[in-house]
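Results of the structural survey
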Amino acid sequence: MKPVIISTACMLFLIASWGFFYWFSGVILNDFSDELVNTVYGQISREEWADAEESLCRLSERWETNKTVFYMLSNHSAVRETDVALARLSEFVRNKEASDANAEIAAVSELFLSIRQSEAFSIDNIL
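Because the structure is predicted, anything quoted here is derived from the model rather than measured.

**Some words on the overall build of the protein**
Within the protein, the regular secondary structure consists of five helices and zero strands. In sequence order, the secondary structure elements of the protein are arranged as α-α-α-α-α. The C-alpha atoms of the protein give 18 Å as radius of gyration, which overshoots the globular expectation for 127 residues (14 Å, by more than 25%). Over its C-alpha atoms, taken along the principal directions, the protein stretches across nearly 65 × 25 × 20 Å. As displayed, the protein offers around 7800 Å² of accessible surface, 62% of which is attributable to carbon and sulfur atoms.

**Re the packing of helix H2 (residues 49–73) against helix H3 (residues 76–94)**
One can describe the packing of H2 onto H3 by two numbers: an axis separation of 10 Å at closest approach and a directional angle of 165°. The angle between H2 and H3 places the two elements in the roughly antiparallel class. Taken as a pair, H2 and H3 cross one another with a handedness that is left-handed. Two secondary-structure elements touch here, H2 through Trp-49, Ala-52, Glu-53, Leu-56, Leu-59, Ser-60, Trp-63, Glu-64, Lys-67, Phe-70 and Tyr-71 and H3 through His-76, Val-79, Arg-80, Thr-82, Asp-83, Leu-86, Leu-89, Ser-90, Val-93 and Arg-94.

**Remarks on unusual backbone geometry**
The residue Glu-47 is not glycine, and still its phi comes out positive at about 60°. Residue position: Glu-47 is located in the loop between helix H1 (2–45) and H2.

**Details of the nonpolar core**
One finds Leu-36, Ile-44, Trp-63, Phe-70 and Val-93 to be the most contacted residues of the largest nonpolar core, which totals 26 residues. Listed by contribution, the elements that provide at least two residues to this core are H1, H2, H3 and helix H4 (98–118).

**Here we look at the packing of H1 against H4**
Two measures define how a pair of helices packs: the angle their axes make with one another and the distance between the axes. It is at 9 Å that the axes of H1 and H4 come closest, and there the two elements cross at 170°. Taken together, the axis directions place H1 and H4 in an arrangement best described as roughly antiparallel. Only Ala-98, Ala-101, Asn-102, Ile-105, Val-108, Ser-109, Phe-112, Ile-115 and Arg-116 of H4 make contact with H1, whose side of the interface consists of Tyr-22, Trp-23, Ser-25, Gly-26, Leu-29, Phe-32, Ser-33, Leu-36, Val-37, Val-40, Tyr-41 and Ile-44. A class-by-class count of the residues in the contact of H1 with H4 yields 15 nonpolar, five polar and one charged.

**Overview of the pattern of salt bridges**
The tally for this structure, following the rule as stated, stands at nine salt bridges. Of the charged contacts in the structure, one is a salt bridge between Arg-62 and Glu-35, with a shortest N-O distance of 2.4 Å. One end of the pair, Arg-62, is in helix H2; the other, Glu-35, is in helix H1, and 27 residues separate them in sequence. Residue Arg-62 is classed as partly exposed on the basis of its relative accessible area, which comes to 28%. By relative accessible area, Glu-35 is classed as buried at 15%. Through salt bridges that share partners, Asp-31, Glu-35 and Arg-62 make up one connected network.

Conventions used here
Each chain carries its own residue numbering, running from 1 in the written order of its sequence. Since the coordinates come from a predicted model, pLDDT governs what is reported: local features require at least 70, and pairs of side-chain atoms require 80 or more to be given and counted, while whole-chain, interface and lining totals use all residues. With hydrogens and water stripped out, all remaining heavy atoms of the structure feed into the side-chain values. Labels follow the DSSP assignment, with helices taken as runs of H or I lasting at least four residues and strands as runs of E lasting at least two, numbered in each case from the N terminus. We compute the radius of gyration over the C-alpha atoms and compare it with the globule rule, which gives 2.2 Å times the number of residues raised to the power 0.38. In these tables, accessible area is a Shrake-Rupley quantity obtained with a 1.4 Å probe, and a residue counts as shielded only by the protein chains included in the view. Working convention: axes come from line fits to C-alpha atoms, limited for helices to the stretch in contact. Angles between N-to-C directions cover 0 to 180 degrees. Relative orientations are named as follows: roughly parallel for angles under 35 degrees, roughly antiparallel for angles over 145 degrees, roughly perpendicular for angles from 65 to 115 degrees, and oblique for any other angle. In this scheme the handedness of a crossing depends on how the near helix is turned from the far one: anticlockwise by less than a right angle means left-handed, clockwise means right-handed. Whether two residues touch is decided by their heavy atoms; if any such pair falls within 4.5 Å, the residues are in contact. In these notes, a set of buried Ala, Val, Leu, Ile, Met, Phe, Trp, Tyr and Cys residues joined through side-chain atoms within 4.5 Å is what counts as a nonpolar core. Throughout, exposure labels follow a simple rule: accessible area from a 1.4 Å probe, protein chains only, divided by the maximum for the residue type, with under 20% read as buried, over 50% as exposed, and the rest as partly exposed. Three categories are distinguished: nonpolar for Ala, Val, Leu, Ile, Met, Phe, Trp, Tyr, Cys and Pro, charged for Asp, Glu, Lys and Arg, and polar for the others, with Gly belonging to the last. Take a side-chain nitrogen of Lys or Arg and a carboxyl oxygen of Asp or Glu: if they are within 4 Å of each other, that pair is a salt bridge.

Written as structure tokens, this is what we have:
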């Protein structure tokens with residue numbers, strides 16, 4: 001009976017840990033995506049390039065501090081692609097290329113969403 005209790009406790013711990021990470025990643029990635037779309041996109045649309053560059057720099061710094069968690073617990077290629085897309089976005093903003101920057105904002109938002117979806121409890125992820 002003791003092995004059943006230990007196995008059940010371990011399984012409940014793993015499920016609770018996954019649930020916490022899923023919640024945490026949702027909060028963080030939704031916050032990143034909202035800041036990107038609502039703040040940076042708006043500043044680019046109004047051609048406030050200095051503000052957009054500053055907002056993007058803050059977002060990139062926050063991503064750098066949190067990405068180690070995603071590297072440990074998520075799909076590495078999606079995290080790397082997000083790094084590359086953020087670097088491209090920074091260059092587009094620095095060079096004041098509005099259409100390219102807007103397209104890259106959409107790509108980065110989609111990458112944030114794909115990282116989140118890769119952690120969801122779904123048939124696609126189980127198979």
